[in-house]
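Chain by chain, the residues:
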Amino acid sequence: MPQDTMLVHGLTPYNAEPCLPHLVKAFRTPEALFYSRNHGIMPDAGPGYRLHVGGLVRAPLDLSVAALQSRFAHHSVVATLQCAGNRRADLQPVKPTLGDPWSAGAIGTAEWTGARLADVLDVAGLDSDASDVAFESLDLVADHGDTPYAVSIPLAKAMAPEVLLAWAMNGHPLACKHGAPLRAVVPGYAGVRSAKWIAAVTVRSSPADSPVQRQDYKLLPADVTAETVDWERGAVINAMPINSAICVPASGAVAAGAILVRGWAMASARMVARVDVSSNGGLTWQQATLEQGTQWAWTLWQITLNLDPGNHELVVRAWDDAGQTQPAEAAACWNFKGYLATAWHRVPVTAR
Ligand SMILES: Nc1nc2c(c(=O)[nH]1)N[C@H]1C(S)=C(S)[C@@H](COP(=O)(O)O)O[C@H]1N2
Ligand SMILES: [Mo]
């Protein structure tokens, strides 16, 4: 990949997103353009790798990838992963936040292939007090004293047919940076729950105890700061609100006349019903043409606008099938961790 295709936020741990014009070239994001979000150094699972399935189950399992592949039916889901910190950069003009200033590229769509988590849990047999399923990973979280990465999801979601223990992405074995040999894929939830390099699936009667589950990835009120935070006040970010972004054109100079505007919209577990695009800062809107899959995948949209010479503010906002839309101003969604930045995405251009 030429360097200008990726915006790299950090090398160790490696965090990078594609530059936006590249992101919407295809409905399924090629691996080379798929964002990478890592909390620590990427681990190497090694040849002796086994997945342990335990906790509140009747019959714990130890499965090599080959055993998982031979004992369980294979399923594929085209699903979008999106980081809860996607578009965090747009909050910075309101007030700085913690976290890397992701643009609108911490999102990508792939066909994931694996076994259904529900099928594996059915074989292990759930105890009656099971309520949460934790994924424990091989990597260590740098910001939390090098403790193992772990997250959990509610049991009802774990048993849903779209949730996979995946070994392949777009028809190829998972790359190390996307969680080889095995990752969870939890469509419709924030990317953080799709744990990579999973070593154990643990059935529990409470959410995972890890700092990533108990502190990070919680939505806190606007008055809370790093100094005053009480993590119990935060809402766990699982499902995500509707969001959208303009990927083409980039801000700056464009040719006057007919211009193709393209981008993504994502409603997380709902369908995107409509995408509105404005060339005058949101005074008037036109509807974009949509390319869609299921509710687990993003919507790609495009529209041709006519721009007279001069300055224009391109804006996008999307609507879901419950009639919900995005706030106009970034200030409406500011929080000190910089999660769920969903305000109208604005791109100033000058037509010449
Ligand atoms: N083990 C592990 N799993 C992880 C992470 C991580 O750092 N370690 N990052 C999470 C976050 S916050 C996101 S957004 C997605 C990113 O997946 P990707 O790097 O394959 O795009 O992985 C999630 N799973
Ligand atoms: Mo994330």
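Residues numbered from 1 in each chain as written. Chains lettered and ligands numbered in written order. Predicted model: local features only at pLDDT ≥ 70, side-chain atom pairs only at ≥ 80, totals over all residues. Heavy atoms only, no water.

Caption draft 1: Local environment of the overall build of the protein chain. Along the backbone of the protein chain there are 5 helices and 23 strands. By the compact-globule yardstick of 20 Å for 352 residues, the protein chain fits well, its C-alpha radius of gyration being 21 Å. In terms of its C-alpha atoms, the protein chain occupies a principal-axis envelope of roughly 70 × 45 × 40 Å. By the burial criterion, 54% of the 352 residues in the protein chain qualify as buried. The contacts of the protein chain with a sequence gap of at least 6 include a subset with a gap of at least 24, amounting to 70%. (Helix = DSSP H or I, 4+ residues; strand = E, 2+ residues; numbered from the N terminus. Rg over C-alpha atoms; globule rule 2.2 N^0.38 Å. Buried < 20%, exposed > 50% of the residue type's maximum accessible area, 1.4 Å probe, protein only. Contact = heavy atoms within 4.5 Å.)

Caption draft 2: Fine view of the domain arrangement of the protein chain. Domain boundaries in the protein chain define domain 1 (3-236) and domain 2 (243-351). Between domain 1 and domain 2, the C-alpha centre-to-centre distance is 26 Å. Domain 1 puts 44 residues into the contact, and the matching count from domain 2 is 36 residues. Contact with domain 2 buries area across many residues of domain 1, yet Val24, Phe27 and Arg87 alone supply 23% of it, more than any other trio. Taken together, the connections running from domain 1 to domain 2 amount to 1 salt bridge. The partner of Asp216 in a salt bridge is Lys337, and the shortest N-O contact between them spans 3.5 Å. Run the count over domain 1 and domain 2 and you get 16 residue pairs in polar contact (both at pLDDT 80 or more). Going through the elements one at a time, helix H1 (20-23), strand E5 (75-82), strand E6 (107-116) and strand E13 (218-219) are the ones with two or more residues in the side of domain 1 that touches domain 2. A per-element tally of the side of domain 1 that touches domain 2 places E5 first, with 5 residues. Split into classes, the residues belonging to the side of domain 1 that touches domain 2 amount to 25 nonpolar, 10 polar and 9 charged. (Domains from an automatic or database assignment. Buried area = accessible area lost by both parts, 1.4 Å probe. Salt bridge = Lys/Arg side-chain N within 4 Å of Asp/Glu carboxyl O. Polar contact = N/O pair within 3.5 Å; in protein donor to acceptor, adjacent residues only side chain to side chain. Nonpolar A, V, L, I, M, F, W, Y, C, P; charged D, E, K, R; others polar.)

Caption draft 3: Layout of the packing of aromatic side chains. This structure, assessed with the given rule, holds 6 aromatic pairs. Ring centres of Trp231 and Phe336 lie 6.2 Å apart, and the angle between their planes is 40 degrees; on these two criteria the pair is classed as tilted. Of this pair, Trp231 sits in the loop between E13 and strand E14 (235-236) while Phe336 sits in the loop between strand E22 (310-320) and strand E23 (345-351); the two residues are 105 residues apart in sequence, bridging distant segments of the chain. For the pair formed by Trp231 and Phe336, the shared burial category is buried. (Phe/Tyr/Trp six-rings, centres within 6.5 Å; stacked < 30°, edge-to-face > 60°.)

Caption draft 4: Looking closely at unusual backbone geometry. Cis geometry marks the peptide bond from Thr12 to Pro13; its omega dihedral reads -5 degrees. Mapping Pro13 onto the fold places it in the loop between strand E1 (6-10) and strand E2 (15-18). Despite not being glycine, Ala269 shows a phi value in the positive range, around 80 degrees. Within the fold, Ala269 resides in the loop between strand E17 (257-266) and strand E18 (272-278). Non-glycine residue Leu340 carries a positive phi angle of around 55 degrees.

Caption draft 5: Up close: helix H3 (residues 117-124). For H3, the set of buried residues is Leu117, Ala118, Val120, Leu121 and Ala124. Looking straight down H3, one finds its buried side chains confined to an arc of 160 degrees; they lie on one side. Once H3 ends, the next one or two residues include Gly125, with phi positive near 80 degrees. (Arc of directions from axis to C-beta.)

Caption draft 6: A look at the site of ligand 1. Around ligand 1, the surrounding shell holds 20 residues, and the nearest of these are Tyr35, His39, Asp139, His178 and Lys196. Between ligand 1 and Arg37 there is a distance of 3.0 Å, counted from an oxygen atom to a backbone nitrogen or oxygen. A distance of 2.6 Å is found between an oxygen atom of ligand 1 and a side-chain nitrogen or oxygen belonging to His178. Protein chains bury 100% of the 530 Å² of accessible surface belonging to ligand 1 in isolation. Here the residues of the shell around ligand 1 are counted per class, giving 8 nonpolar, 7 polar and 5 charged. (Near = heavy atom within 4 Å. Areas by Shrake-Rupley, 256 points an atom, 1.4 Å probe, with all protein chains shown as cover.)

Caption draft 7: Looking closely at the sheet that holds strand E8 (residues 147-154). An order of E4-E3-E12-E7-E8 is seen for the 5 strands of this open sheet, with the pairing classed as mixed. Looking at strand neighbours, the two that pair on one side only are strand E4 (61-63) and E8, the edges of this open sheet. Averaged over all neighbouring strand pairs, the angle between strand axes comes to 20 degrees, with direction disregarded. Contacting strand E3 (51-55), E4, strand E7 (132-141) and strand E12 (198-204), H3 runs over the sheet at an angle of about 135 degrees to E4. (Pairing = 2+ DSSP bridges. Axes fitted to C-alpha atoms, helices over the stretch in contact; angles between N-to-C directions.)

Caption draft 8: Fine view of the layout of surface pockets. Estimated volume of the largest pocket: approximately 430 Å³. In this structure, the largest pocket is lined by 24 residues; those nearest its centre are Arg37, His39, Gly99, Asp100 and Asp143. A per-class count over the lining of the largest pocket returns 9 nonpolar, 9 polar and 6 charged. Space inside the second largest pocket adds up to approximately 340 Å³. (1 Å grid on protein atoms, 1.4 Å probe; cavity = no way out; pocket = protein on both sides within 12 Å on 5 of 7 lines; lining within 4 Å. Points joined across faces, edges and corners; volume = space filled by probe spheres on them.)

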